[in-house]
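# Architecture and fold: a report
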Amino acid sequence: MTATVPPAPSENPIPDPAGRVELPPGVVLTDARFVNDDLLPVPLARRRWTTYNFTALWVGMAHNIPSWLLASGLVALGMDWKQAVFTIALANVVVLAPMLLTGHAGPKYGIPFPVLARASFGLRGANLPAMIRAGVACAWFGIQTWIGGQGIFVLLGKLFGGWADASEVGGQPWTLWVCFVLFWALELAIIYRGMEALRRFENWAAPFVIVGALVLLVWVANKAGGLGPLLDQPSRLGWGADFWPVFFPSLMGMIAFWSTLSLNIPDFTRFGAGQRAQVWGQTLGLPTTMTLFALLSVFVTSGSQAVYGAAIWDPVELAAKTDNVFGLLFALVTVLVATISVNIAANVVSPAYDLANLAPRFITFRTGALITGVVGVVIMPWKLTETPELYIFTWLGLVGGLLGTVAGILIADYWIVRRTRLDLTDLYTPGGRYWYTSGWNVHAVVAFAVGGVLAVGGSHSAPGKGPFPQDGLIPFLKPLADYGWAVGLAASLVVYVALTAGRRRV
């Protein structure tokens, strides 16, 4: 494919007052190994996402069933509700920092994550972090789609009855598989229409889901006559020696929940009208929404304990308790909108760009989205949510360690080594300043290897609770495993800066 950038209307265009950059007038990029229309910088005229668009994006992504269940996972590990909400709030304040740092390149240069990674890893080496991010996103896509399909199955079963008694295929009722497939197809149909369709969808999905969550709270509080005894339940861990060994790996797990987006947030911010829009939009959208959602989940579950005598953390299971047809339909639509809004934004956009970066000649954004949908089903990632230990410590911990390592390299290269200065043309040109050694930057690979080993090398599991040895994959690194995301980010950042010392360059 030959990607052509039309010349600007003026030989000497007026510099953009917001400091944004686009390709020089008349530049034609012809190497189909590294260029297609989806990877090119977004023209200034199309960078028009506002603060509200970014806030709505985060509200839509944060309001989903897995994030609702985060608090329940922490409570199941022994925390009380205050400790759980505090852990979630702190994690999202922490992860906001790399989110804003990597997001800066989006409005300034209009480039997606895999193209930004070319500056540090090389034109070919960028496929290493891109494929890691894509693999994680495919797994998350499967998890979210399965959970969404289950929600539809439960609520439709309540409406029509008999669904759960259908004959089984692959250990599950065939009606559940139908719900799963239909939901999967609906998600891909929306993202197939492109990023502008996603922006419009998130704009109205965000307030709708907030209303849905508040309606659930009002309904259960009304039935309970107030909130139940869950808020009075003491922590089984206290705030002493038993708390901290659970708190730190849980904090890393909560950070890992959105550490995926801290890498590929340029996929969205590249459409931003300026830095103010992405900074304020993300700051208003991410930590506040996640904390509010954690509080809502605790309050609603507390009310369910008062009404039904047991804490019901799953909002779908709780909504299914009503016999009101309108209430069930409203819950069904809310589950659909909430799950779609996070899944297509967080788990389809990124791998679509990442896969396009792997083979621009053959894979477009839409093709990458379809591949993501197929891979997300084939790897059967729903197994990862079976227990809190497997979900928080193994899945989120391992993912967080690796993604934190990549984030450290991106931040070090963009902010410390290059001081936010990039050459747009060379990001798409073999033989240019980002070509390094046959398209690979050895310094970035070494930094990734060191940070990755330190971050996840000590991964361990309690007997019968996970796939790792009890003493850790590399026993002497076991003490670092509980801090995987922070260790990976810090180690790779320091190593990369040390290896590139004295080479400050564009």
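That block above? That's the structure.
Positions within a chain are numbered from 1, following the residues in the order the chain's sequence is written. Where local features are concerned, this predicted model is filtered to residues with pLDDT of at least 70; where side-chain atom pairs are given and counted, the filter is 80 or more; whole-chain, interface and lining totals use all residues. Values reported for side chains reflect all heavy atoms of the structure, with hydrogen atoms and water molecules removed beforehand.

### Comments concerning the overall build of the chain
Strands are runs of DSSP state E lasting at least 2 residues, helices are runs of H or I lasting at least 4, and numbering of each runs from the N terminus. Per the secondary structure count, the chain includes 20 helices and 4 strands. The cut-offs for exposure are 20% and 50% of the maximum accessible area for each residue type, with area from a 1.4 Å probe on protein chains only; residues under the lower value are buried, those over the upper are exposed, and the others partly exposed. In the chain, buried positions account for 58% of the 506 residues. In this analysis, two residues are considered to be in contact whenever any of their non-hydrogen atoms come within 4.5 Å of each other. Within the chain, residue pairs in contact and separated by at least 24 positions form 82% of the contacts whose partners lie at least 6 positions apart. Values of accessible area rely on a 1.4 Å probe in the Shrake-Rupley scheme; residue burial ignores everything except the protein chains shown. Approximately 19,300 Å² of the chain is accessible, and the part contributed by carbon and sulfur atoms is 66%.

### Some details on the pattern of salt bridges
Close approach of charged atoms allows side chains of opposite charge to pair. Salt bridges are defined by distance alone: a side-chain nitrogen of Lys or Arg within 4 Å of a carboxyl oxygen of Asp or Glu. For the coordinates displayed, the defined rule picks out 4 salt bridges. Note that D31 and R33 form a salt bridge whose closest N and O atoms lie 2.7 Å from each other. For R33, a relative accessible area of 38% gives the class partly exposed. A salt bridge links R433 to D423; the nearest nitrogen and oxygen atoms lie 3.3 Å apart. Placement of the pair is R433 in the loop between α17 (388-417) and α18 (442-456) and D423 in the loop between α17 and α18, with a sequence separation of 10 residues. Look at R433 and you get partly exposed, because its relative accessible area is 41%. For D423, a relative accessible area of 21% gives the class partly exposed. One salt-bridge network, in which partners are shared between bridges, spans D423, D426 and R433.

### What to know about the environment of A224
Assignment of secondary structure puts A224 in helix α9 (residues 195-224). According to the relative accessible area criterion, A224 is partly exposed, its value standing at 23%. Taking the C-alpha atoms as reference, A224 lies 8.6 Å from Q305; in sequence the two are 81 residues apart. Beyond its immediate chain neighbours, meaning those up to four positions away, A224 contacts G303, A306 and V307.

### Examining the packing of aromatic side chains
Any two of the Phe, Tyr and Trp rings considered here, Trp counted by its six-membered ring, make a pair once their centres fall within 6.5 Å; the pair's planes then place it as stacked at under 30 degrees, edge-to-face at over 60, or tilted in between. Summed over all chains, the structure comprises 19 aromatic pairs. When the ring of Y353 is compared with that of F365, the centres are 4.9 Å apart and the planes differ by 50°; the resulting orientation is tilted. Within this pair, whereas Y353 is found in helix α15 (residues 349-358), its partner F365 is found in helix α16 (residues 365-378), the two being separated by 12 residues in sequence. Comparing Y353 with F365 shows no difference in burial state: the two are buried.

### Brief notes about the environment of N64
Summarising the element assignment, N64 is placed in the loop between α1 (51-62) and α2 (65-68). On a C-alpha basis, the gap between N64 and N343 in space is 9.0 Å, while along the polypeptide they are 279 residues apart.

This is a description of form; function is not addressed.
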